[in-house]
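Here is what each chain is made of, one letter per residue.
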Amino acid sequence: MALLRLHLPRPPLPARRIPALPSALSSSTTSCLWRGRLPASRLLCSSHPASSPDASSAAPPSIVAGLLDYLNESWTQFHATAEAKRQLLDAGFKLLSESDDWDLQPGGRYFFTRNMSCLVAFAIGEKYRVGNGFNIIAAHTDSPCLKLKPRSATIKSGHQMVNVQTYGSGLWHTWFDRDLTLAGRVILKATDGSFKHKLVKLTRPLIRVPTLAIHLNRTVNTDGFKPNLETHLVPLLATKHEDTTTNSDDKSSSSTKVTHHPLLLQILSEEIGCDSDEIIGMELNVCDTQPSCLGGGNNEFIYSGRLDNLASCYCALRSLMDSSKMAEQLSNEKAIRMVAMFDNEEVGSDSMQGAGAPTMFQAMRRIIDSLMHQSMGEGALERAIHSSFLVSADMAHALHPNYAEKHEECHRPELQKGLVIKHNANQRYATSAVTAFLFKEIARIHNLPVQEFVVRNDMGCGSTIGPILASGVGIRTVDCGIPQLSMHSVREMCGKEDVDTTYRHFKAFFEMFSDIDRKLNVDF
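An unreviewed UniProt entry lists the protein chain under the name aspartyl aminopeptidase, with Sorghum bicolor as the source organism. Regarding the protein chain, the relevant UniProt record gives this comment under Cofactor (unreviewed entry): "Zn(2+)".

Attention now moves to the confidence of the model for the protein chain. Caution applies to low-pLDDT regions: their predicted coordinates should not be interpreted in detail. Mean pLDDT over the protein chain stands at 88; residues scoring 70 or higher make up 85%. Taken as a whole, residues 1–41 scores under 50 in pLDDT and shows 95 contacts with residues more than four places along the chain or in a different chain. Segment residues 244–255: pLDDT under 50, and 18 contacts once partners within four positions in sequence are set aside and those in other chains are kept.

This part takes up the sheet that holds strand β14 (residues 389–393). Ordered in space as β1-β2-β3-β13-β4-β14-β18-β16-β17, the 9 strands form an open sheet in which the pairing is mixed. Lying at the two open borders of the sheet, with one neighbouring strand each, are β1 (94–95) and β17 (450–453).

Geometrically, the link from D308 to N309 is a cis peptide bond, its omega value of 20 degrees lying close to zero. When you line up the elements, N309 lands in helix α7 (residues 307–322). Backbone geometry places Q416, a non-glycine residue, at a positive phi of 70 degrees. Summarising the element assignment, Q416 is placed in the loop between β15 (396–397) and β16 (419–422). A relative accessible area of 17% places Q416 in the buried class. Non-glycine residue S486 carries a positive phi angle of around 60 degrees.

With that settled, consider helix α6 (residues 262–272). Within α6, 8 of the 11 residues are buried, leaving the element largely enclosed by the surrounding structure. Turning to α6, its buried residues number three or more, namely L263, L264, L265, I267, L268, S269, E271 and I272. Phi for G273, located one or two positions after α6, is positive at around 90 degrees.

Attention now goes to the side chain of T76. Structurally, the position occupied by T76 is in the loop between α2 (64–73) and α3 (77–90). Of the polar contacts made by the side chain of T76, one reaches the backbone nitrogen of F78; its length is 3.2 Å. Within the structure, T76 has its side chain in polar contact with the side chain of H79 (distance 2.7 Å). Setting aside residues no more than four positions away along its own chain, T76 makes contact with A183, G184, N285 and C287.

Let us look at the pattern of salt bridges. Evaluated as defined, the whole model comprises 17 salt bridges. Residue K417 is joined to E414 by a salt bridge in which the shortest nitrogen-to-oxygen separation is 3.2 Å. What makes K417 partly exposed here is its relative accessible area of 42%. According to the relative accessible area criterion, E414 is partly exposed, its value standing at 33%. Taking the shortest distance from any N to any O, the salt bridge between D458 and R456 comes out at 2.8 Å. D458 sits in the exposed class, given a relative accessible area of 56%. Relative accessible area serves as the criterion here: at 28%, R456 is assigned to the partly exposed category. Three or more residues are tied together by salt bridges with common partners; here these are E83, R86 and D90.

Definitions and limits used
Residues numbered from 1 in each chain as written. Predicted model: local features only at pLDDT ≥ 70, side-chain atom pairs only at ≥ 80, totals over all residues. Heavy atoms only, no water. UniProt positions renumbered as here; feature names shortened; annotations may be inferred. pLDDT = per-residue confidence, 0-100. Contact = heavy atoms within 4.5 Å. Pairing = 2+ DSSP bridges. Helix = DSSP H or I, 4+ residues; strand = E, 2+ residues; numbered from the N terminus. Buried < 20%, exposed > 50% of the residue type's maximum accessible area, 1.4 Å probe, protein only. Polar contact = N/O pair within 3.5 Å; in protein donor to acceptor, adjacent residues only side chain to side chain. Salt bridge = Lys/Arg side-chain N within 4 Å of Asp/Glu carboxyl O.

Structure below.
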């Protein structure tokens, strides 16, 4: 299958408000459109002009426009999960609660969320029998960022500053001199005494971390930019005004009004549509306001924050929805197709909503229990796990043209050349020869490019949720990812073609893996 190439005939159009997306994406897109603050509407960044029948039949449809919209909607892990929830509901999936009994049926499509930052969705094959496997793609919703401290209000030299803490291993120097804002969730107290959580996104530039002028730091270009993350990485909110600042000497009260600037609470309450007194808790990320867009000489790149790992989340989500949107697509399926999107990967996954929790194992067990109908047989869950396969999808390191020596000579993944399968003999990645072969066989049948990556022996190797789930659940796993540059920067980039290639690879995995897997027997 030929790679899809999208070339735009002219530069991006002037900014304007964009209507809701049509249900079907065309292969023609424009880059991001944006203007100011849009509190009452979704932030969609691409227009989708209708393509002619000839154009649509010449190449598979692209998901790049949908990815750009997903990125612009998903400023935090909470928004990423909420947007995935919205799309699944629109696609006909049924929302489940982990607190309720599940009544599942073959051919059914379901999902549940945990903490509104973790999501598991699945489609049950019509021919599923208890003991058959799960075909799973797993990714993570979180990205390195700055987060507000529980007591964020501080005054420095007559300025209202916002105390933050670092989350994950970010390239923190890239957060300086950016138009930043806040997004996340707040906890509200209603007049009847009940509590609710509400997502919030302040779309206008609100805070900024200014750098020190070179006149006051003459050696920065020779000695390097080395900010102190506690004292220098503190965003500026406003100049001090007596009627909008806290009394910094009052240390006894735990009131939200004392711990956060009243000005900040006022801005949040206006955005939410409540009184500031109703805000009793918050979990807010610092976010870059620059929208995701296409770029490069041929508009062949995606420029965005949070590509690691929302690009993988969206490719997995779309492949599940598109491979099971019609009943006939599940009519001959003997397995269960699943997508899992976890939180807290960037800090080790050790949380209730992270991959280190038993969420996936519990979901698999509950699905099998619901489908057994008193005819379980011996070891139903164990047999299902043995037959299952996990694709751990996390972004990969593309060859940097200015730092080529950082890559092992024979394993240099490049942009626009397909998914990267990650190998590590010390099990920092969970890929084995068997799992790599099975995943590459799908690509071979569909004529999709595949690359392979091994880190240099004299460099440390990162890890993913792959080894966590492989060892925790006992499931065969392959680690893979879309190649990208500027990983963990406030602004990352990847190739547009790789997104569409990944989507087609994931979709083919759901549609044909069960048949391929039957042809290989290792434990005999």
